[in-house]
Structures are given as structure tokens and as C-alpha cells.
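Single-letter residue listing:
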Amino acid sequence: MTGPTTDQPTPAEYLPLLFGFAVYQIAGVTARLGVPDALGDGTRTAAELAEATGTHAPFLERLLRAAVSAGLLTSDEEGGFTLTRLGSMYRSESPVQGAPLDAMHAAAPVWQAWGALEESVRTGRPAFDLVHGKGLFDHLKTDDELAGHFHAAMAAGSAVQLPAITGGFDFSRFKYVMDVGGGNGTHLAAILAANPNLIGSVFDTANGVLEAPSVIEVAGVADRCEIATGSFFDSVPAGPDAYLLKNILHDWNDDECVRILENCRKGLAPGGRVVVFTSVLSEGRRNEDPVEALGASIFDIEMMVVTTGRERTLTEFEELFTRAGLQLDSLTALPCPFLYYGLEAVAV
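Just so it is clear, the model here is predicted, and its values are computed rather than measured.

Cut-offs and rules
- Residues numbered from 1 in each chain as written.
- Predicted model: local features only at pLDDT ≥ 70, side-chain atom pairs only at ≥ 80, totals over all residues.
- Heavy atoms only, no water.
- Helix = DSSP H or I, 4+ residues; strand = E, 2+ residues; numbered from the N terminus.
- Expected span 1.5 Å × (residues − 1).
- Buried < 20%, exposed > 50% of the residue type's maximum accessible area, 1.4 Å probe, protein only.
- Arc of directions from axis to C-beta.
- Contact = heavy atoms within 4.5 Å.
- Core = buried A, V, L, I, M, F, W, Y, C linked by side-chain atoms within 4.5 Å.
- Phe/Tyr/Trp six-rings, centres within 6.5 Å; stacked < 30°, edge-to-face > 60°.
- Lys NZ or Arg CZ within 6 Å of the ring centre and 35° of its normal.
- Salt bridge = Lys/Arg side-chain N within 4 Å of Asp/Glu carboxyl O.
- Patch = residues over 30% accessible without salt bridge, like charges linked within 9 Å, V, L, I, M, F, W, Y side chains within 5 Å.
- Areas by Shrake-Rupley, 256 points an atom, 1.4 Å probe, with all protein chains shown as cover.
- Polar contact = N/O pair within 3.5 Å; in protein donor to acceptor, adjacent residues only side chain to side chain.

Our next topic: helix H4 (residues 57-69). The end-to-end C-alpha distance of H4, which contains 13 residues, comes to 19 Å, matching closely the 18 Å that a straight helix rising 1.5 Å per residue would cover. Along H4, the residues classified as buried are Leu60, Leu63, Leu64 and Ala67. Buried residues of H4 fall within an arc of 105° about the axis and therefore sit on the same side. The outward face of H4, more than 90 degrees from its buried face, is lined by the exposed residues Arg62 and Ser69. For H4, the elements touching its buried residues are helix H1 (11-32), helix H2 (35-39), helix H3 (46-53), strand E2 (73-75) and strand E3 (80-83). Following H4 by one or two positions, Gly71 adopts a phi angle in the positive range, close to 90°.

Structure, rendered in C-alpha cells:
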């Protein structure tokens, strides 16, 4: 018989749990002050960076030292600071685009909502609604600053996901696809550009597609792309052999998702498919990277905080499809964080 263990968690184990909020603010404030862009590929002192960013030099130097400890910067004996590979993702031209994602989560309405997570779990109501008295999407209609951060963050996410989708999913089987909730057309434009024999349509609200004509024109696919407006809760235009739903279902509760999927099923051409691009939560599969599983779980909690939606397991997606008169037909793993897949469903 063995007695209780005397091993205690190490600082490396407990610091991210107890002080993760502080590390986030160290990184976020460093980015929002413009330090990564001010450094670029060079080395500058705290005094030089304070002048470039219009900040209080002694306080900035303390922040920079903390950013070194967090792995965002390195420092030399002469007092110079340089970006690391990790810190470089906060530069404005970074393909990872950490800055827009940070700006979204650091915006007061979202930061405040995360503070209400406990009440959300106790009540079963989204934290954003509890704090602000209305949902995120209604709030965006009257908060131009947050709306700008939100759309920039979505674009930053797409910058990572789109290469995985266009390179890892087979669109050659289709002739005509419709991007449901496709916003400004960035997603569909990339797909059409990678598939010259494909035609498509972007479907979203009138406000959602405001920038779509210019995006589609710049991408050089305007001759193969139409724009349609409406609400996917009411109906979707009929005719495509594939409806695409990228990062849509996780914004909505089960009943709302079933309405969207039912409308897609009704409009499908014979033999058509509904293709859902989304993270799929782990169901204990041992071959999954724990970091990937953690990332998907964090997104699930984010949905709890800011929407009525959720990330889902494969079993939960299958249940949604069944309720909507669809059946999961295939699953394609995509080379993209976090546990990202293309789920194809057919009418039954």
C-alpha cells in the first residue's frame, strides 16, 4: 500500500493556469503599443521604443523585460530588444496575424464577457449576453470599433484556414458551390481561384456582403461568382451541388443549426452535399495532439462566452445532420489547427 504522494506541481505546470491572464496581457499590450512593428527585424533599446510608441520609458522597459520572459523578445547586454519568432507573429505583416486576434479579445466588451464565464456556466446563458444585455452579433451592429476588430480577427483566422481548405479538400467533384454565410467572399474567392472550372455564389445578409464585389473582383473570379442576399434561417437559394458552411454552425445552438442545415438540404441539387468546415472536438482519441485538442476546447469555451453556439464532437454533428434530414458521408482531416475537418453530409 502506498501513501499519498508528496509531489507538488512545478511552476512550469501551474503558472499558465494561475497567471495565464497576465501572460496574455503582457503579450497583448506589447502588441497593441506597436512594439513588434517598431522593432521589425532590428534591435532597439527601451528608450528608443518608448519614443517610437509614445509610452512611459521606465514602465515600458519593465513590460519589455516581462515580454522577454514570455518568449516574445530577446535582450542583449547593451539593453537592446529583438523580436523572437513567436513575437514576430504580432507584426502587422505576419501571416499568422496575432495582432488582429489580440485586438478582438482585448476589446473591452469581449474582455468583460470572459470575466462572466462563471456566471455563464451557472446559468446556461452566454456570458456576453449576461454582461451587455444582448448577443455579440446584435452588439456589433452598434459598435463599429468592435465590429472592425471582429472582422479583422475573422480574416486573420481565414488566412490560416484557407490554404488548408483549398489545398486539402477536393473541390473537383463539384461544378457549382454556394458559400452560405460567406461574408465578403474571401473564402469563396480563394476556392474559385484554386479551381478554375468551378463557379460559385456568396450568400449572406446585405450588410455581410457589402465588400464582396470588390473582394471578388480583386481575386479575378467575378465572371464565375454571383452574390445573393438573405438570412440562412429563412431559406437559401436553391441549385448548387455543394453548400459550404465555414465556421458557421459553431456560432449557433442546436435548434438554430438544424434550421440552417434543413434549408441547405431543401435547396440541394440531386446528389448534392452540405460541406461543413469546422473544428471537431476530441472524443478521447489517443492519437490526437493534446495541444490541438486544447485549442479546440478553448474555442468551445469562447463560443460559450460570446455566442449561443458551441464546438461539437463528431457524434454531435451526426445528431445535427440526422435532425436536418442529412447523413454524414465522409470526413476529411485538414492541415490546419485545431482539429479542423471538412464534414460532408448528404440528404437521406
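Right, picking up where we left off after that structure.
Along the polypeptide, Val29 turns up in helix H1. For Val29, a relative accessible area of 28% corresponds to the partly exposed category. Each C-alpha atom, one on Val29 and one on Glu311, is 29 Å from the other, the two residues being 282 residues apart in sequence.

Among the nonpolar cores identified, the biggest contains 34 residues, and Val180, Phe232, Leu245 and Leu261 are the most heavily contacted of them. Only strand E4 (176-180), strand E7 (242-246), helix H13 (254-267), strand E8 (273-281), helix H15 (314-323) and strand E11 (340-347) provide two or more residues apiece to this core. If one sorts the elements of this core by residue count, H13 sits on top with 5 residues. With near-sequence residues (within four places) excluded, Phe232 lies in contact with Val180, Gly181, Phe203, Ile248, Trp252, Arg259, Ile260 and Asn263. Formed by 24 residues, the second largest nonpolar core is a distinct cluster that contains Ala164, Ile165, Ala212 and Tyr340.

Let's shift gears to the packing of aromatic side chains. The final tally for this structure, using the stated rule, is 12 aromatic pairs. Between Phe169 and Phe277, the ring centres sit 5.2 Å apart and the planes meet at 80°, which makes this aromatic pair edge-to-face. Of the two residues, Phe169 sits in the loop between helix H10 (144-168) and E4 while Phe277 sits in strand E8, which places them 108 residues apart along the sequence. Accessibility classification places Phe169 together with Phe277 in one group, the buried group. Here Phe232 and Trp252 contribute two aromatic rings whose centre-to-centre distance is 6.2 Å and whose plane-to-plane angle is 85°, an arrangement assigned as edge-to-face. With a gap of 20 residues between them, Phe232 in the loop between strand E6 (225-229) and E7 and Trp252 in the loop between E7 and H13 connect regions that are remote in the sequence. Judged by its relative accessible area of 12%, Phe232 falls in the buried class. The class for Trp252 is buried, based on a relative accessible area of 17%. Ring pairing ties together the aromatic residues Phe137, Phe150, Phe232, Phe233 and Trp252, which thus form one cluster. One residue, Arg62, lies across the ring of Phe59, its end atom 5.1 Å from the ring centre.

Here the structure, examined in full by the defined rule, presents 12 salt bridges. Across the pair Asp170 and Arg173 runs a salt bridge, and its minimum N-O distance is 3.6 Å. The closest approach of N and O atoms between Arg323 and Asp255, which form a salt bridge, is 2.8 Å. With Arg323 in helix H15 and Asp255 in helix H13, this residue pair connects regions lying 68 residues apart in the sequence.

As a further point, take a nonpolar patch on the surface. A grouping of Tyr14, Leu15, Leu17, Leu18, Phe19, Phe21 and Trp111 is seen on the molecular surface, where their side chains present a nonpolar patch of about 750 Å² in accessible area. No other element matches the 6 residues that H1 contributes to the nonpolar patch. Among the structural elements, Phe19 can be located in helix H1.

Here we take up the environment of Lys246. Along the chain, the position of Lys246 falls in strand E7. Look at Lys246 and you get buried, because its relative accessible area is 11%. Along the primary structure Lys246 and Gly182 are separated by 64 residues, whereas in three dimensions their C-alpha atoms are 7.7 Å apart. Residues contacting Lys246, with those up to four places away along its chain left out, are Ser158, Gln161, Ile165, His187, Phe277 and Tyr340. A polar side-chain atom of Lys246 sits 3.1 Å from a polar atom in the side chain of Gln161.

On to the side chain of His250, then. Note on placement: His250 falls in the loop between E7 and H13. Not counting the four nearest positions on each side in its chain, His250 is found in contact with Met303, Thr307, Gly309, Arg310, Glu311 and Arg312.

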